[in-house]
Amino acid sequence: TTTTTTAVEPKFVVIAAGDGVYRNEQSLGAVYGDVRPEAVVTIDGAEADVSYLGETVFGDGMWRWHLGDDITLKEGATDVVFEATFADGSTLRETRTYHCDPSLQRLTGYLVELALAIPPRITLEFTPLEYGEHGLERASEDSEISEIPVATDAVFVVLGSFAGDRVLDLGGFTQLAAIAASEEPLADQWWDTIFPTTDQDGSWKAAPWEFLLTSDGQLQQAAQLYSP
């Protein structure tokens, strides 16, 4: 990442999939973020729209950039450059790497348990999801619980509250899972746990996940999905 600033650093926030994540589609999908209003924002040279958000939970006077056109990733690793240029000529630049592997199989469900075996293994509950009255929830009662190996270069995308999402390797996620397993609340997370518990009405009290599995059945990526 290369950054050029003046004495007062301009604000430029990229809210998109974090650096080093995997996708099984060539489309990067929606990319957006926050910025000072005078900035010109480009993504790989394509200019983004900047619009006024108004008052939000993050404060008033918020401006957001977003790219209407999609970015197509090549198979393998692709560097995407996000850049904001301000009225005084200063520039902020952020480069993120995305891995596109169409062979990855996408499934959804919940993360149940992480076991530090050799190789490490993770227990997942696979179940279809849909948007209902209370956000993203189970589409049916059908589910399958499986224990599968974790790839050595696996990635875990954990939703943050105000600190931003975190992209963790297996070591970083293991530390987070150990806290969750001890039933201590997780700080700065969208949910205060990553393992599902149930309320009296039987509803899950943890965020659902998207899983990407390799052709030989290893977990390549687990990403929490936004849901109230």
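Relevant structure appears above.
Residues numbered from 1 in each chain as written. Predicted model: local features only at pLDDT ≥ 70, side-chain atom pairs only at ≥ 80, totals over all residues. Heavy atoms only, no water.

Draft legend 1. Local environment of a negative patch on the surface. A grouping of Glu-47, Asp-49, Asp-69 and Asp-70 is seen on the molecular surface, where their side chains present a negatively charged patch. Locating Asp-69 in the fold gives a position in the loop between β8 (59–66) and β9 (76–85). Judged by relative accessible area, Asp-69 falls into the exposed class, the value being 59%. (Patch = residues over 30% accessible without salt bridge, like charges linked within 9 Å, V, L, I, M, F, W, Y side chains within 5 Å. Areas by Shrake-Rupley, 256 points an atom, 1.4 Å probe, with all protein chains shown as cover. Salt bridge = Lys/Arg side-chain N within 4 Å of Asp/Glu carboxyl O. Lys, Arg positive; Asp, Glu negative; His and termini not counted. Charge placed at Lys NZ, Arg CZ, Asp CG, Glu CD. Helix = DSSP H or I, 4+ residues; strand = E, 2+ residues; numbered from the N terminus. Buried < 20%, exposed > 50% of the residue type's maximum accessible area, 1.4 Å probe, protein only.)

Draft legend 2. Summary view of the nonpolar core. Ranked by internal contacts, the top residues of the largest apolar core, which has 28 residues, are Phe-12, Val-35, Val-41, Ile-43, Trp-65, Phe-82 and Tyr-98. Listing elements by their share of this core, those giving two or more residues are β2 (12–15), β3 (21–23), β5 (40–43), β9, β10 (91–100) and β15 (144–158). Ignoring anything within four residues of it in the chain, the contact list for Phe-12 reads Asp-34, Val-35, Val-41, Trp-65, Phe-82, Glu-83, Ala-84, Phe-86 and Leu-92. Of all hydrophobic cores here, the second largest spans 25 residues; its members include Leu-124, Val-150, Ala-154 and Trp-209. (Core = buried A, V, L, I, M, F, W, Y, C linked by side-chain atoms within 4.5 Å. Contact = heavy atoms within 4.5 Å.)

Draft legend 3. Expanded view of the packing of aromatic side chains. According to the stated counting rule, one finds 6 aromatic pairs in the structure shown. Ring geometry for Phe-12 and Trp-65: centres 6.2 Å apart, planes at 40 degrees, overall tilted. Of the two residues, Phe-12 is situated in strand β2 and Trp-65 in strand β8; the sequence distance between them amounts to 53 residues. In this pair, the class of Phe-12 matches that of Trp-65, namely buried. Judged by centre distance (5.2 Å) and plane angle (55 degrees), the rings of Tyr-52 and Trp-63 are tilted. Of this pair, Tyr-52 sits in strand β7 (residues 49–56) while Trp-63 sits in strand β8, and the two are 11 residues apart along the sequence. Using a relative accessible area of 27% as the deciding quantity, one classes Trp-63 as partly exposed. The rings of Phe-12, Trp-65 and Phe-82 are connected pair by pair, giving a single aromatic cluster. (Phe/Tyr/Trp six-rings, centres within 6.5 Å; stacked < 30°, edge-to-face > 60°.)

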